[in-house]
Amino acid sequence: MTKLTRCAVAGLMLALSGAAPPELAAYRDLNRNGVMDPYENPALPVDARVDDLLARMTPEEKAGQLLHGTLPGHGSAIGASTSGYDLDKARAMIADQHVSSFITRLVMPPAQFAEQNNAVQKLAEATRLGIPATISTDPRHHFHATAGASTHGGGFSQWPETLAFAAIGDPALVRRFGDAARREYRAVGIHMALSPQADIGSEPRWPRITATFGSDPATVSRLAGAYVEGFQGGPSGVTRDGVATVVKHWVGYGAAPEGHDGHNFYGRAVSMTDAEFEKHVAAFDGAFAARAAGVMPTYVIVRGPRLKGAALEPVGAGFSKQLLNDLLRREKGYGGLIISDWAITRDCDAACTAPDASNPQLPGSIGMPWGVEHLSVTERFAKGLEAGLDQFGGVDDPAPILAVMREGKVDAARIDASVRRILRLKFELGLFENPFVDPVRAEAVLGDPGVRAQADAAQRAGQVLLRNQGALLPLRRGARLWLHGVDADAARAAGFQVVGKPEEADAALVRTATPFETLHPHHFFGSRQHEGRLDFRPGDADTKTIAAAARHVPVIVAVEMDRPAILTALLPHSRALLVTFGASDAALLDVVQGVAKPRGKLPFDLPRSMEDVGKHRGGDDCCAQFRRGEGLQL
């Protein structure tokens, strides 16, 4: 009896018993051989399907699975296109290089985005085994966006930064956000979130603190776990309609010296004590308990801590057997996917190490092989696999992995173990049954007014009230406002009168943001990241504006904090101080008027001065201007 006949008999028996056979109805002949092979049979256990598919794969097809490429976009070197994918280039990656995992950086309206992802799945469907594509993304639901780390636009609901969730401190809210984001991602054909960040924001100058849950390890752990549960569809791992989460960056990334980020040559190493390292490790526990589908190691070389009495090898975490195999796999018992951060096997040339105005670092010079610069590219792949990596991010050329396999530098069983994890996740997500999405439904899901209302409410609740002298807030409806950095139409819509001079107003409302410097303007990431100082100074334009307005009228200052700001220079001139972590003008005005209540507490310390900044180690300093956990009621 053939496999097809056996399946037909099984379907007939189910029908006669009164049970519908949806699994058989969903059968797709992916290899087009007219037979329902075990890997195509939804009724079989996932492990059996993975075993069957793995046995059918060539070395080239296996090597391609170990790559997590970037879907090419028209007109963008890093895929960040608004006009669609370059499908000819995508076809070559899928059909010739056998890549089946990709990050998307496309920004398009929901229906068009869904259509573009469907086009990618059609290319995958046409391959020899029909292995569907897994499509991932950096965060898309927040206000701040930095090339290569996050994006926004395209109709996704706009929630505050994760720092706002830390300020609110409610895991249930984080789960609701994750659930809403999960539905939006799946509606447009995205299956994997390269988030959350379980990094501790222990260095206040670090540019990526905005995407963390603050500086307290227990809070980070609790909320990162809730994030994973919301995105994946439950507390026990990814569900069929879930989005696989990749928690990052294992481990120690947030301790960046002077805030210099590990994407850059000048930020490639961090130093910490054993006790500090233990806090950074503990911050991941909640995500592990929720069975995060993936882990992404940090770029940086971690110096100082000892594991089982041995110093850490001075290499980036993606090459560290101590951090991946010994600590993550063995001690923490983690069994999911380990995906490297992008471009760790690429060379870091002169434009990467020391760019200048005549030779700036462009995308072609991005490489983060920290600690293994002396190795060949093939040797870097071998070392990463030996350390415990399953996939290499930002790579679409399997030649080095094939060389590793041919030369026997990595055992065949080791390659199979990684391919197995990658395939298993595709089966768990239901992609072998149907990777396609409905563009019309995508438009409806991303336009859900209920979700937008929840996101708007979170923008309001996540604000922190630090000062309210003389009960200045809330302002009465109809009050006369002088504005700086706030849209006048939004203020009028909120019921305020907008005046042209401070002396004509009942109060002034000024929006500003944490100061920063561009210390490394020729580095690709350094030119885009907020580095350097955090302090408002008397000579700054916004400080002078606030001081001038304060001579005539009470001033309300709202500071958008992507990093902890030093407010010392603003205190003599402000009667009310609000902190926002991603909020529209409408959300701010609702809090100013008392229509909405700020529920936030500071998720990190605010230093008194730049001299004190170096003393801050994850909120343990004694001399903060405002302490983590401070926040007034309105």
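Residues numbered from 1 in each chain as written. Predicted model: local features only at pLDDT ≥ 70, side-chain atom pairs only at ≥ 80, totals over all residues. Heavy atoms only, no water.

J.: Sorry if this is basic, but what is going on with the overall build of the chain here?
T.: Along its length, the chain carries 22 helices and 18 strands. Summarising its shape, the C-alpha atoms of the chain cover approximately 90 × 60 × 45 Å along the three principal directions. A burial count over the chain gives 60% of its 634 residues as buried. Taking all contacts inside the chain whose residues are at least 6 apart in sequence as the whole, residues at least 24 apart take part in 73%. (Helix = DSSP H or I, 4+ residues; strand = E, 2+ residues; numbered from the N terminus. Buried < 20%, exposed > 50% of the residue type's maximum accessible area, 1.4 Å probe, protein only. Contact = heavy atoms within 4.5 Å.)

J.: Please explain the pairing of strand 7 (residues 294-297) as it appears in this structure.
T.: Put simply, side chains in a regular strand alternate between the two faces of the sheet. The two faces of strand 7 match: G294 and M296 on one face and V295 and P297 on the other face are all buried. Bridge analysis of strand 7 against strand 11 (residues 337-338) gives two bridges, and the strand direction is parallel. Of the residues in strand 11, the one forming a bridge with V295 is I338. (Pairing = 2+ DSSP bridges.)

J.: What exactly am I supposed to notice about the nonpolar core here?
T.: Grouped burial of nonpolar side chains is what soluble globular proteins tend to show. Judged by nonpolar contacts, the single largest core of 168 residues is most densely connected at W250 and L567. Here the element with the most residues in this core is helix 8 (residues 171-188); it accounts for eight residues. Ignoring sequence-local partners within four residues, the contact set of L567 consists of L466, F536, V559, M561, L577, L606 and F626. Counting 23 residues, the second-largest nonpolar core is a separate cluster that includes L472, V486, A576 and L578. (Core = buried A, V, L, I, M, F, W, Y, C linked by side-chain atoms within 4.5 Å.)

J.: Could you clarify how one ought to interpret the side chain of R28 in this entry?
T.: Locating R28 in the fold gives a position in the loop between helix 2 (22-25) and helix 3 (46-56). By relative accessible area, R28 is classed as buried at 15%. A polar contact is formed between the side chain of R28 and the backbone oxygen of F432, at a distance of 3.0 Å. (Polar contact = N/O pair within 3.5 Å; in protein donor to acceptor, adjacent residues only side chain to side chain.)

J.: Would you mind going over the sheet that holds strand 2 (residues 101-103) with me for this structure?
T.: Strand pairing in a sheet takes place through backbone hydrogen bonds and is either antiparallel or parallel in direction. Judged by pairing direction, the sheet is parallel, and its eight strands sit side by side in the order 11-7-5-4-3-2-1-12 without closing on themselves. Bordering the open sheet on either side are strand 11 and strand 12 (392-393), each of which pairs with just one other strand. Two elements, strand 1 (residues 67-70) and strand 12, share two bridges in a ladder whose sense is parallel. Each bridged residue has a counterpart across the sheet, and for L67 the counterpart in strand 12 is F392.

J.: What am I meant to see in the packing of aromatic side chains here?
T.: Aromatic rings considered in pairs are described by the distance between their centres and by the relative angle of their planes. Overall, the coordinates contain 21 aromatic pairs when judged by the stated rule. Ring centres of F524 and F525 lie 5.0 Å apart, and the angle between their planes is 80°; on these two criteria the pair is classed as edge-to-face. Classification of F525 by relative accessible area gives buried; the value is 7%. A network of ring pairs unites the aromatic residues F113, F156, W159, F165, F177, Y185, F213, Y227 and F231 as a single cluster. R268 extends its terminal NZ or CZ atom over the ring of F265, reaching a point 3.8 Å from the ring centre. Cation over ring: R528 sits above F524, and NZ or CZ is 3.8 Å from the ring centre. (Phe/Tyr/Trp six-rings, centres within 6.5 Å; stacked < 30°, edge-to-face > 60°. Lys NZ or Arg CZ within 6 Å of the ring centre and 35° of its normal.)

J.: I would appreciate a short explanation of helix 10 (residues 274-282) in the present structure.
T.: Along an α-helix, residues three or four positions apart point the same way, because every turn accommodates 3.6 residues. Burial in helix 10 covers these residues: E276, F277, H280 and V281. Along the axis of helix 10, the buried residues cluster in a sector spanning 140°; they form a single face. As for helix 10, its buried residues are in contact with strand 5 (244-250), helix 11 (285-289), strand 8 (301-303), strand 9 (306-307) and helix 12 (321-331). (Arc of directions from axis to C-beta.)

J.: Quick question: what am I supposed to make of the packing of helix 6 (residues 110-125) against helix 17 (residues 439-446) here?
T.: Helix packing for two helices is described by the angle between their axes and how far apart those axes are. Close contact between helix 6 and helix 17 brings their axes to 7 Å; oriented N to C, the two are set at 135°. Taken together, helix 6 and helix 17 sit at an angle that is classed as oblique. Where helix 6 crosses over helix 17, the handedness of that crossing is right-handed. On helix 17, the residues touching P110, A111, A114, E115 and N118 of helix 6 are P439, A442, E443 and L446. (Axes fitted to C-alpha atoms, helices over the stretch in contact; angles between N-to-C directions. Parallel < 35°, antiparallel > 145°, perpendicular 65-115°, else oblique. Left-handed = near helix turned anticlockwise from the far one by under 90°.)

J.: I'm lost on the sheet that holds strand 13 (residues 464-468) in this one. Help?
T.: Spatially, six strands are ordered 13-18-17-16-14-15 in an open sheet, and the strand pairing comes out mixed. Of all the strands in the sheet, just strand 13 and strand 15 (497-498) have a single pairing partner and so form its edges. Contacting strand 14 (480-484), strand 16 (507-513), strand 17 (555-560) and strand 18 (576-580), helix 21 (residues 585-593) runs over the sheet at an angle of about 135° to strand 16.

J.: Looking at this structure, I do not really get helix 17. What am I missing?
T.: When helix 17 is considered as a whole, its buried residues turn out to be P439, A442, V445 and L446. Projection of helix 17 onto a plane perpendicular to its axis shows the buried side chains occupying an angular sector of 115°, all on one side. Among the exposed residues of helix 17, those pointing more than 90 degrees away from its buried face are V440 and A444. Capping the start of helix 17 is the job of one residue whose side-chain oxygen sits 3.0 Å from the backbone nitrogen of V440: D438.

J.: Got a minute to help me understand the confidence of the model for the chain in this structure?
T.: Detail in the predicted coordinates should be disregarded across regions flagged by low pLDDT. Summing up the model confidence of the chain, the mean pLDDT is 94 and the portion of residues at 70 or higher is 94%. Note that pLDDT drops below 50 for residues 1-25; the model gives that stretch 18 contacts with residues more than four away or on any other chain. (pLDDT = per-residue confidence, 0-100.)

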